[in-house]
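Coordinate analysis (summary)
Letter by letter, the chains look like this.
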Amino acid sequence: MPTSHAAPPLNALMVQSGEPVPVWPHKAGAVRGIAFFPLYPTVPDAAARNPALYELLALFDAVRGGSNRERSLAIAQLDRRWQA
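These lines cover the structure that appears in this document, whether it is placed above or below.

Quick notes on the rules
- Numbering of residues starts from 1 in every chain and runs along the sequence as written.
- In keeping with the model being predicted, local features are shown solely for residues with a pLDDT of at least 70 and side-chain atom pairs are shown and tallied solely at 80 or more, while totals for entire chains, interfaces and linings include all residues.
- Each side-chain value is worked out from all heavy atoms of the structure, with water and hydrogens disregarded.
- Every helix listed is a DSSP run of H or I at least four residues long, and every strand listed is a run of E at least two residues long, numbered separately from the N terminus.
- Think of it in three bands: residues with accessible area under 20% of the maximum for their type are buried, residues over 50% are exposed, and the middle band is partly exposed, with areas taken using a 1.4 Å probe on protein chains only.
- Helix span, expected: 1.5 Å multiplied by one less than the number of residues in the helix.
- Residues count as neighbours in contact if any of their non-hydrogen atoms are within 4.5 Å of one another.
- Side-chain atoms alone can form a polar contact between residues adjacent in sequence; in general such a contact is a pair of N or O atoms within 3.5 Å, and within protein one must be able to donate a hydrogen while the other accepts it.

Now for the environment of N11. Relative to the helices and strands, N11 is located in helix α1 (residues 10–13). A relative accessible area of 31% places N11 in the partly exposed class. Considering only alpha carbons, one finds N11 and R49, 38 residues apart in sequence, at a separation of 19 Å.

Structural data, given as structure tokens:
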């Protein structure tokens, strides 16, 4: 499963390069990329069942391991959700 800048909502805000994207390793995953291990082993299963949770976890991964630009965009998105 794509995460960080490769997952919603950041994937709509950033131009994707041709480089491999960060993914959570998962047995049912269809996207290949660079393994970015989730906070907990069952995160991909929970995220697959809940799109809102998926977005929050992907934003958190962008803060955890993204570039400065990805972190800034993710923090802004998290702040927007917190204020709502």
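With that settled, consider helix α3 (residues 51–65). Between its first and last C-alpha atoms α3 spans 21 Å; for 15 residues at 1.5 Å apiece the expected length is 21 Å, and the two agree. Among the residues of α3, those classed as buried are Y54, L57, A58, L59, D61 and A62. Tucked inside the fold, the buried residues of α3 contact α1, α2 (43–49) and α4 (68–83). A side-chain oxygen of the first residue of α3 lies 3.1 Å from the backbone nitrogen of A52; this N-cap is N50.

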